[in-house]
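So the chains spell out like this:
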Amino acid sequence: MATTAPSVPSGPAHVAVVSFLAARAAPTGGFWIALAGGVALARVAERRGARLGFGASAAAMLETVAIIGPARLGIPLTQAATAPMLGRLEARGWGTTAQVLVCAVIRVLHNAATTAFFIWVIAGGLDAYAGTYDALGRRFGVEVGTADALVLTAFGLLAWGAFASTVQVLVYRRGMSGWDEHARSWISAPGGHQSRTAAEKPGARRRFDPRAVALAAALAFALLLTSTSWLLLSTVALWLAIAWLTARPDREPLKTGLAFAAILAGGALIFSLGGGLGLDIALRRAARAALLVLVATWLRGAAGAEGLREVSRRGLGRLRRLPGAPEAAQVLDQIASEGRIADAARNLADRMSGVPKRPVPFLDAVLDWVVRESSEQRPPPARAEPALRLRGRDAVLIALALVPALALV
């Protein structure tokens, strides 16, 4: 009989990593793709408690950052934050309506925060945002003011929050209630996927300490949020070029980073021009949007997957008094999803082969994959903690990241 509640939830966390990575990489439909990972995390919280559920959720999100960097992190974030909560509410016997209401409140607050960030950082402010709505409305003979744009935005957030939360709760409840039935329908293979573990290639030596890389990227990111002056943008771009050339970064995240940078920069340009801010301001805001993504891309490339994992582990160690942090560190040590993602995708493709293209059979096939992948996963062998040492070149990297701040004086 399959093991339905592993002592350490590395299996469900691994499923969440695969699901959340796919959600972040897909150009559309991220919410639907992330549902599979959310079901696995909700199951952990339902059976093992909130601390372990939130710990597994945090570990899964950190693992996705280690693999592809922090870009588009907000797409699965709502489900990562609400899945453990919904698992505990299910364990306590809360009904569907109550779960939907609680989930919707969190989703609307999160979406409102990301929308506010887009309005004031990417789009160029409320006037530009409302101006774009007005420009579109005039094409249909409708005048849209600032208040109207905010009302439309609020309505959209509430409508999406209600719909998405209802779907999320219904899918999660179906997955949790049918978990044992899915597990009984097959026999777990001995040893699971342990032999498929693939960590970062040995010998991939980093020029900079990953802690220095993370700090330098955080400084550059913070500076970009303070201003859109051409002097600041050009100095950050110059620092980024130097950092990229000297860090010997991985090239895997570059293609995705460039594509997302182009999308975000294009959105900033369209909203700024549509809002009547002028070409100069539009170009500056588009450049900042692109640089924000490229700094995040450099962070992943320069630190490497294992480097970002180690930064996360040490950060969680400093937060060990925070509820869920020790559990997150424990799960993060036992995920090691990099190298297993392709196998998980192939397992899903095999499971979906021949499934009728109707909602319920499709959903049940995905849930069956979630259970199998969660239960077959086995933690990799324990690894020694890598030795990190800050050197002079790391101090130079951080100091150069501060140089663009002179443009603010």
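Scope of this entry: the structure provided in the associated data block. For every chain, the first residue of the written sequence is number 1, and numbering continues from 1 along that sequence. Local features in this predicted model are restricted to residues of pLDDT 70 or higher, and side-chain atom pairs are both shown and tallied only at a pLDDT of 80 or more, whereas totals for entire chains, interfaces and linings draw on every residue. Water and hydrogen atoms play no part in the side-chain values, which are based on all heavy atoms of the structure.

## Structural notes on helix α16 (residues 392-402)
Only protein chains enter the accessibility calculation, which uses a 1.4 Å probe. A residue is then buried if its area is under 20% of the maximum for its type, exposed if over 50%, and partly exposed in between. Secondary structure elements are defined from DSSP: runs of H or I of at least 4 residues count as helices, runs of E of at least 2 residues count as strands, and each element is numbered from the N terminus. Along α16, the residues that are buried comprise D394, L397, I398 and A401. An end-on view of α16 places all buried positions within 90° of arc, on one side of the element. Any two residues whose heavy atoms approach within 4.5 Å are treated as being in contact. Elements in contact with the buried residues of α16: α9 (210-226), α10 (230-247) and α12 (279-318). In this context, the arc is that of the directions from the helix axis out to the C-beta atoms.

## Digging into a nonpolar patch on the surface
Exposure above 30% relative accessible area and the absence of a salt bridge qualify a residue for a patch, where like charges join within 9 Å and nonpolar side chains (Val, Leu, Ile, Met, Phe, Trp, Tyr) within 5 Å. Accessible surface is estimated by sampling points in the Shrake-Rupley manner with a 1.4 Å probe; for residues, cover comes only from the protein chains shown. By definition here, a salt bridge exists when the distance from a side-chain nitrogen of Lys or Arg to a carboxyl oxygen of Asp or Glu is within 4 Å. On the surface, a nonpolar cluster with roughly 680 Å² of combined accessible area is contributed by L238, I242, V396, L400, V403, L406 and V409. Looking at the nonpolar patch, the elements with two or more residues in it are α10 and α16. Tracing the chain through its elements places L400 in helix α16.

## A closer look at the nonpolar core
Here, nonpolar core refers to any group of buried Ala, Val, Leu, Ile, Met, Phe, Trp, Tyr and Cys residues whose side-chain atoms link them within 4.5 Å. Ranked by internal contacts, the top residues of the largest apolar core, which has 54 residues, are F20, L86, Y172, W369 and V370. A per-element tally of this core places helix α2 (residues 30-48) first, with 9 residues. Aside from chain neighbours lying at most four places away, what touches F20 is A34, G37, G38, L41, M61, T64, P76 and A80. Counting residues in each nonpolar core, the second largest holds 38 residues, with A261, L291, V295 and W298 among its members.

## Regarding the pattern of salt bridges
Once the charged atoms of two side chains with opposite charge are near each other, the side chains can pair. Enumeration according to the criterion identifies 19 salt bridges in this entry. The residue D364 makes a salt bridge to R174 at a minimum N-O spacing of 2.8 Å. Of this pair, D364 sits in helix α15 (residues 359-376) while R174 is found in helix α7 (residues 146-177), placing the two residues 190 residues apart along the sequence. Members of the salt-bridge network, linked through shared partners, are E63, E306, R309, E310, R313, R314 and D333.

## As for the environment of A13
Looking at the element boundaries, A13 is found in helix α1 (residues 10-25). When its relative accessible area of 0% is taken as the criterion, A13 is described as buried. Taking the C-alpha atoms as reference points, A13 and E63, separated by 50 residues in sequence, lie 9.3 Å from one another. In this structure, A13 is in contact with A56, A60, V331 and I335, ignoring residues within four places of it in sequence.

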